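# Architecture at a glance
Each chain is listed here by its residues.
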Amino acid sequence: MEKKTKVLIVGGTGYLGQHLLQAFAGNYGGECELYDVAFTHHSSPLPARLLDAFPHSPAFPVDLKSGLGLNSISQDFRQPDVVVNCAALSVPRACEQDPDSAMSINVPTSLVNWLSSFETNKTLLIHLSTDQVYQGVKSFYKEEDETVAVNVYGKSKVAAELLIKDKCQSFAILRSSIIFGPQTVSPLPKTLPIQWIDSSLKKGDTVDFFHDEFRCPIYVKDLVNITFKLIDRWVSDDKQMRLVLNAGGPERLSRVQMAQMVAEVRGYDLSLIKHVSASSLFCQIDRGVVSPADISMDITKLIHTLELSPTSFKEGVRLTLDSESHSHMLP
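Residues numbered from 1 in each chain as written. Predicted model: local features only at pLDDT ≥ 70, side-chain atom pairs only at ≥ 80, totals over all residues. Heavy atoms only, no water.

Per an unreviewed UniProt entry, the protein chain is named NAD(P)-binding Rossmann-fold superfamily protein, and its organism is Arabidopsis thaliana.

As structure tokens, this is what we get:
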């Protein structure tokens with residue numbers, strides 16, 4: 001019988017973490033029998049809905065700042081073959097307010113040191129980075145472009161990438177854009193991007209959206225698919241991998257364009273979408289953080305390396321809203 005691949009999802013209670021757990025549990029039609037999956041969490045107690053949904057995945061409380069809890073994984077789960085690090089302090093304003101926490105959580109020193117402590121340094125680390133490592137002064141950044149972050153969140157992610165490249169033998173760094181898609185099994189308290197746009201426009205009032213900041217939003221199930229493809233490739237390439245990939249969707253979009261597509265799918269009045277400039281003084285003060293203007297990414301390397309067919313933004317919006325409608329119909 002073929003040995004199962006041991007996968008540890010760090011930050012399993014977050015948005016991407018829960019979608020990965022769903023996929024590994026076979027809920028997306030995947031082959032769950034190929035993997036042994038565990039996950040870490042920081043907040044306790046764990047929501048009952050999460051425990052009920054993933055009864056075969058052991059959960060480990062871990063403090064990434066100190067590394068407390070990682071040794072329990074060594075004892076009870078053993079060395080993972082693959083670690084997917086989704087844990088982060090990812091709200092840029094919160095990072096500005098507490099830069100020490102941002103650096104200690106987003107730069108995974110304790111995690112990397114723990115992986116280095118095993119006799120054989122053979123674990124693949126798939127690390128979620130961000131498009132905010134780029135300065136935002138041009139369109140369609142490539143992976144080899146210089147990383148010049150303009151805020152604490154981006155700087156913490158640049159530092160994380162440098163640490164991983166220096167200390168890890170096998171890694172894949174995914175510079176993710178805005179992640180969007182359906183709600184998670186255990187709903188998150190934070191507002192999800194498409195759901196927020198939809199609920200705001202549904203009220204029939206005008207809503208402000210930036211017309212001069214550009215990103216390449218990625219559908220969450222594409223990011224899950226990328227993770228599976230990376231694991232398959234690592235196994236078939238004799239467990240060697242040192243990759244940095246832009247993980248974005250196929251389109252460069254402003255917040256206005258994102259809102260317009262949601263309105264088109266839903267049939268809302270486009271005149272409700274008010275165009276405002278992110279560079280206006282009022283917006284900068286209100287946000288409490290400097291935000292890069294154009295961090296759209298060239299994803300040619302991602303598509304060619306993993307033979308990926310990315311989901312268009314409009315199709316992702318349609319799938320997300322269909323999923324929301326379906327979940328509201330369930331008892």
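Alright, that's what it looks like, and here's the rest.
## Notes on the overall build of the protein chain
A tally of helices and strands in the protein chain yields 13 helices and 13 strands. For 331 residues, the compact-globule formula gives about 20 Å, and the C-alpha radius of gyration of the protein chain, at 20 Å, lands near that figure. Projected onto its principal axes, the C-alpha positions of the protein chain cover 60 × 50 × 40 Å. Taken over 331 residues, the protein chain has a buried fraction of 51%. Contacts spanning at least 24 positions in sequence make up 79% of the contacts within the protein chain whose residues lie at least 6 apart. With an accessible surface of roughly 15,400 Å², the protein chain has 52% of that area assigned to carbon and sulfur atoms. Side chains of the protein chain carry 32 positive and 38 negative charges; the gap between the two charge centres is 1 Å. (Helix = DSSP H or I, 4+ residues; strand = E, 2+ residues; numbered from the N terminus. Rg over C-alpha atoms; globule rule 2.2 N^0.38 Å. Buried < 20%, exposed > 50% of the residue type's maximum accessible area, 1.4 Å probe, protein only. Contact = heavy atoms within 4.5 Å. Areas by Shrake-Rupley, 256 points an atom, 1.4 Å probe, with all protein chains shown as cover. Lys, Arg positive; Asp, Glu negative; His and termini not counted. Charge placed at Lys NZ, Arg CZ, Asp CG, Glu CD.)

## Observations concerning the packing of helix α5 (residues 99–106) against helix α7 (residues 152–167)
Here α5 crosses α7 at 30°, and the two axes come no closer than 9 Å. For the element pair α5 / α7, the angle class is roughly parallel. Once α5 is placed against α7, the crossing between them reads as right-handed. For the pair formed by α5 and α7, the contact residues are Pro99, Ala102, Met103 and Asn106 on the first element and Val152, Tyr153, Ser156, Ala159 and Ala160 on the second. (Axes fitted to C-alpha atoms, helices over the stretch in contact; angles between N-to-C directions. Parallel < 35°, antiparallel > 145°, perpendicular 65-115°, else oblique. Left-handed = near helix turned anticlockwise from the far one by under 90°.)

## Description of the packing of aromatic side chains
Here the structure, examined in full by the defined rule, presents eight aromatic pairs. With a centroid separation of 5.7 Å and an interplanar angle of 85°, the aromatic rings of Tyr35 and Phe228 are classed as edge-to-face. Placement of Tyr35 in strand β2 (residues 35–41) and of Phe228 in helix α9 (residues 220–236) is noted, with a sequence separation of 193 residues between them. Linked through ring pairs, Phe24, Tyr35 and Phe228 together constitute an aromatic cluster. Its end group placed over the ring of Tyr141, Lys138 keeps NZ or CZ at 5.2 Å from the ring centre. (Phe/Tyr/Trp six-rings, centres within 6.5 Å; stacked < 30°, edge-to-face > 60°. Lys NZ or Arg CZ within 6 Å of the ring centre and 35° of its normal.)

## Quick notes on the environment of Leu306
Position of Leu306 among the secondary structure elements: in helix α12 (residues 300–306). Given a relative accessible area of 6%, Leu306 falls into the buried group. Separated by 77 residues in the primary sequence, Leu306 and Lys229 place their C-alpha atoms 6.4 Å from one another. Excluding anything up to four places from it in sequence, Leu306 contacts Ile226, Lys229, Leu230, Arg233 and Leu245.

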